[in-house]
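Chain residues, written in single-letter form:
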Amino acid sequence: MVKAHQHRLPPEDARNAAREVRARRLRAFLFVAPLLAFITFAFVAPIASMLFRSAYNPTVADLVPDSLQALADWDGEARPSDAALTQFAIDLKRLANDRTSGQLAEEVNRFLPGTSSVVKSTARQLRRVEDTTLADTGATLLLEANAAWSEPGIWRALRKAGQTYTSSYYLTALDLEQTRDGSIQQRDTKIYLQLYSKTLWMALIITLLTLILGYPLAFHMAHSSTSHANFLMVFVLLPFWTSLLVRTTSWIALLQTNGVVNSTLMALGLTGDPLEMLYTQFSTIIAMTHILLPFMVLPLYSVMRGIDPSYMRAAMSMGSRPIPAFLRIYLPMSLPGLSAGALLVFIISVGYYITPALVGGTDGQMISNIIAFHMQQSNNWELAAALGSLLLFLIVALYWLYDKFIGAGNIKLG
Amino acid sequence: MKYHHLLLAAGALALGAQGATAQDLTVTSFGGAYGAAQQEHMIDPYVAATGTNILFEDYGGGVAEMKAQSESGNIQWDVVDIEVIDLERACSEGYVAVIDHSILPPGDDGTPAAEDFIPEALHECGVGNIVWSIIFAHSDDAYPDGGPQTIVDFFDTENFPGKRGLRKRPQVNMEWALMADGVAPEEVYEVLATEEGQQRAFDKLDTIKDDIVWYDSWSQAPVLLNDGGAQMVQSANGRIFAAIKDEGAPFTMIWDSHVYDLDVWAVMEGTEKMDTALDFIKSATMTIPLSGMQDVAYGPTRRSAQALLPEDIKQDLPTAHLDKGLKADGIFWADFGESLGEKFNEWLLQ
């Protein structure tokens, strides 16, 4: 239709129209450009770099390329050849003088704990050896420096760490490992799958709790006078505007052993000994439910505000009872807000960090806390990246399932 | 690699590289009462004497932030206070610079620096600042008839019932478990390097697992003891000392089997202000500034500074109890920190 219309335009006008369209597009783009640039630099680039890091780690390959070359046709069973050992001794001396032997030590240590000090102490001993001596007797010097170099295990670890593209971080993130013959088996340490399932479970409980608390509240607010609703809205928004840390620490004050809740319970004679509530899964769930409640109430409220009350009245006037009328008329119409709220709360809580870290104790820990451990303490950024990427895939997969069965078009924020 | 740097640099740039260049020197340490003591005895005198502007920042320890600055090539810190347990790693990975110890001035009594500093204080990449220690303390109210005295008592829930507050990490807890299980202090790290030794430590921790309250930062330790969340806690000695001294808290510190470590001043590799940074470290580790660290009950690393301390305070410093303690082994934890960290988290989930 539009096309046919354009054909009838004189060429001069068509050109003008096209120019106008281009100018409009450019203007529209300029409006978006600052945000686009910001998101690219501050969000897309760092995340892409972290995702890339989870499978691409050239550190060792860059540090000791010649040694890895010399190890390429080693069978992985007995000690590698003297030539390979000598090459490694030469490389290690260079690293020691560049002060990068620690980077190699840390990478290899990941595949064989205890190796870090072997690499570092050997590097220290080789630092002052003459190049010519090293070329002649490197293998002997290496074995003299530390007996661990005669074990094939340390060389296998080195070769494994030397792979530029590797799936080993993803395997670790799934509690798996690759054996020497290439097959995949369970690791001895089983931790990450447990944490993923616990995280999902806790997020689900938190979503349900915010729903149970938020739905009646939003319903009440949507059906009361504007001034009353605005008054109630302040109570929803006030905590929303308060610093996250303040809200979390106030939960610590409330729930601690001699805190407000326990003193009240004991004063009322409901319990003799103080209950242990802080540093448990319970406290994490309570605090997070409180913190995330506005994310449920706000979309619910704005959708419910738009529901015409006459539909319910019509259903009732035609003889429906209140509950069936609610279930068949009102609930489906409020579903877009409910989906949006539930999805928001669920996705935010899956990746939540600060609250579980502060009030979670042992059993309130979530996957984000172990990611933080690998970022801050063990310095295994590759594993942290793999764990983070899996979390991202998990959320995308859940969103896809949601879209398939419920439909993302249903989501409405207002 | 290049591609990586570019991305990280772009990220750092967009996130707003703070104008560290406006300052003459950025010094980073741990804040709190410790930071305040450093401000008073090290930063302020240096600023007064040289007119240098110093931006004094806080961080939570570990090498992650140094790694990020080093990888992005955007060095924002100049001088940093590091625990020796992390220094080993920061040094061999090249995040902090090698320091020539011959630049250090002699002590106020004329002793050359090489003899004045205790041996552990002069590291390839750092100059010792304090000796601090991880001890345990109990609340006097919880044990009116006498509380736990040794690390064995700490693991004895029969005779000393109550919650034990421990920092949630394998470090120190594994050492304590083995020492309580009868391993001699000098053999602890040797045993802990074996699978059986690690299992032995976890088995020992299992015996008190139900009575442990885990916490995440040192500041929580005195709070737990105070509000009754725990009846005994693991703590950095200065935190308990401050609670007793400043608030009159009814706590008792136990020095048996304490694990001590040093903090050092180090210079970030790649800083443009190397000379000023070294000059600051020279000044901050002289006798008088070091002796000021007694304010927070951390022992000075120079013998000439120890001599200046009043007698009554010496008993509260780790330096008076080194014979009962174990030196935290940075090399061991560089080797096993990650694998034991994973095993520890697995054990917690069991």
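Residues numbered from 1 in each chain as written. Chains lettered and ligands numbered in written order. Predicted model: local features only at pLDDT ≥ 70, side-chain atom pairs only at ≥ 80, totals over all residues.

J.: I tried to follow the overall build of chain B on my own but got confused; where do I start?
T.: Of the regular secondary structure elements, chain B holds 16 helices and eleven strands. Rg of the C-alpha trace for chain B: 21 Å, near the compact-globule value of 20 Å for 350 residues, within the 12% margin. In terms of its C-alpha atoms, chain B occupies a principal-axis envelope of roughly 60 × 55 × 35 Å. Relative to its 350 residues, chain B shows a buried fraction of 52%. (Helix = DSSP H or I, 4+ residues; strand = E, 2+ residues; numbered from the N terminus. Rg over C-alpha atoms; globule rule 2.2 N^0.38 Å. Buried ≥ 20, exposed ≤ 12 C-beta atoms within 10 Å, placed from the backbone.)

J.: What is the right way to look at the overall build of chain A in this model?
T.: Of the regular secondary structure elements, chain A holds 20 helices and two strands. The C-alpha atoms of chain A give 31 Å as radius of gyration, which overshoots the globular expectation for 414 residues (22 Å, by more than 25%). In terms of overall dimensions, chain A has C-alpha extents of about 100 × 90 × 35 Å along its principal axes. Counting all 414 residues of chain A, 34% fall into the buried class. Excluding contacts between residues fewer than 6 apart, the proportion of contacts in chain A whose partners are at least 24 apart in sequence is 69%. (Contact = placed C-beta atoms within 7 Å.)

J.: Would you explain the nonpolar core in this entry?
T.: Nonpolar side chains in soluble globular proteins tend to end up buried together. Core analysis: the largest hydrophobic core is formed by 154 residues, its most contacted members being B:Ala90, B:Ala266 and B:Val267. Setting aside anything within four residues of it in sequence, one finds B:Ala90 in contact with B:Val63, B:Met66, B:Ile82, B:Tyr95, B:Val96, B:Cys125 and B:Ala266. If you look at the next biggest cluster of nonpolar residues, it comprises 28 residues, including A:Val60, A:Ala89, A:Ala96 and A:Ala123. (Core = buried A, V, L, I, M, F, W, Y, C linked by C-beta atoms within 7 Å.)

J.: Explain the pairing of strand β9 (residues 251-267) of chain B to me, please; I cannot follow it from the model alone.
T.: Put simply, side chains in a regular strand alternate between the two faces of the sheet. Residue and element names in this part refer to chain B. In terms of burial, β9 is a largely internal element, 14 of the 17 residues being buried. In terms of strand pairing, strand β3 (residues 79-83) meets β9 through five bridges, oriented antiparallel. Bridge pairing in β9 links Glu83 to Asp263. Strand direction decides the pairing type here: strand β5 (residues 126-139) and β9, joined by eleven bridges, are antiparallel. Paired with Ser133 across the strands is Tyr260, a residue of β9. Summarising the sheet, β9 and strand β11 (residues 326-327) pair through two bridges and their orientation is parallel. Of the residues in β11, the one forming a bridge with Val259 is Leu326. (Pairing = 2+ DSSP bridges.)

J.: It is not clear to me how the interface of chain A and chain B should be interpreted in this structure. Could you clarify?
T.: How large an interface is tends to be reported as the accessible area lost when its parts come together. In this complex, chain A contributes 43 residues to the contact, which on the side of chain B involves 38 residues. Contributions of two or more residues to the side of chain A that touches chain B are made by α2 (11-53), α6 (101-111), α7 (115-126) and α19 (367-376) of chain A. The class makeup of the residues in the side of chain A that touches chain B is 16 nonpolar, 21 polar and six charged. (Nonpolar A, V, L, I, M, F, W, Y, C, P; charged D, E, K, R; others polar.)

J.: Could you clarify how one ought to interpret the domain arrangement of chain A in this entry?
T.: Examined at the domain level, chain A breaks down into domain 1 (2-42), domain 2 (59-163) and domain 3 (192-410). One C-alpha centre belongs to domain 2 of chain A, the other to domain 3 of chain A; they are set 52 Å apart. (Domains from an automatic or database assignment.)

J.: Hey, could you run me through the environment of B:Ala177 in this one?
T.: With respect to the helices and strands, B:Ala177 occurs in helix α7 (residues 173-180). Not counting the four nearest positions on each side in its chain, B:Ala177 is found in contact with B:Ala201, B:Lys204 and B:Leu205.

J.: Sorry if this is basic, but what is going on with the confidence of the model for chain B here?
T.: Parts of the prediction with low pLDDT should not have their coordinates interpreted in detail. Residues and elements named next belong to chain B. Per-residue pLDDT for chain B has a mean of 89; in total, 93% of the residues score no lower than 70. Between the elements of chain B, mean pLDDT differs from a low of 46, seen in helix α1 (residues 2-14), to a high of 97, seen in α7. Under a pLDDT of 50 for its full length, residues 6-22 has, in the predicted model, 29 contacts with residues more than four places off or in other chains. Here the predicted complex carries an ipTM of 0.78, next to a pTM of 0.82. (pLDDT = per-residue confidence, 0-100.)

J.: For this particular structure, what's the right way to read the environment of B:Tyr215?
T.: Residue and element names in this part refer to chain B. Take Tyr215: it is sitting in strand β7 (residues 212-215). Exposure remark for Tyr215: the 23 C-beta atoms within 10 Å place this residue in the buried category. In this structure the C-alpha to C-alpha distance between Tyr215 and Asp78, which are 137 residues apart in sequence, comes to 31 Å. Contacts of Tyr215, omitting those with residues within four sequence positions, involve Gly165, Arg167, Lys168, Gln220, Ala221 and Leu224.

J.: Is there a simple way to think about the packing of α6(A) against helix α9 (residues 152-161) of chain A in this case?
T.: Axis angle and axis distance: for two packed helices, these are the angle between their axes and the distance between the axes, and together they describe the pair. Residue and element names in this part refer to chain A. Interaxial distance between α6 and α9 falls to 8 Å at its minimum, and their mutual angle equals 110°. Viewed along their axes, α6 and α9 adopt a mutual orientation that is roughly perpendicular. For the pair α6 and α9, contact is made by Glu107, Val108, Arg110 and Phe111 and by Ala157, Leu158, Lys160 and Ala161, respectively. Partitioned by chemical class, the residues of the contact of α6 with α9 number five nonpolar, no polar and three charged. (Axes fitted to C-alpha atoms, helices over the stretch in contact; angles between N-to-C directions. Parallel < 35°, antiparallel > 145°, perpendicular 65-115°, else oblique.)

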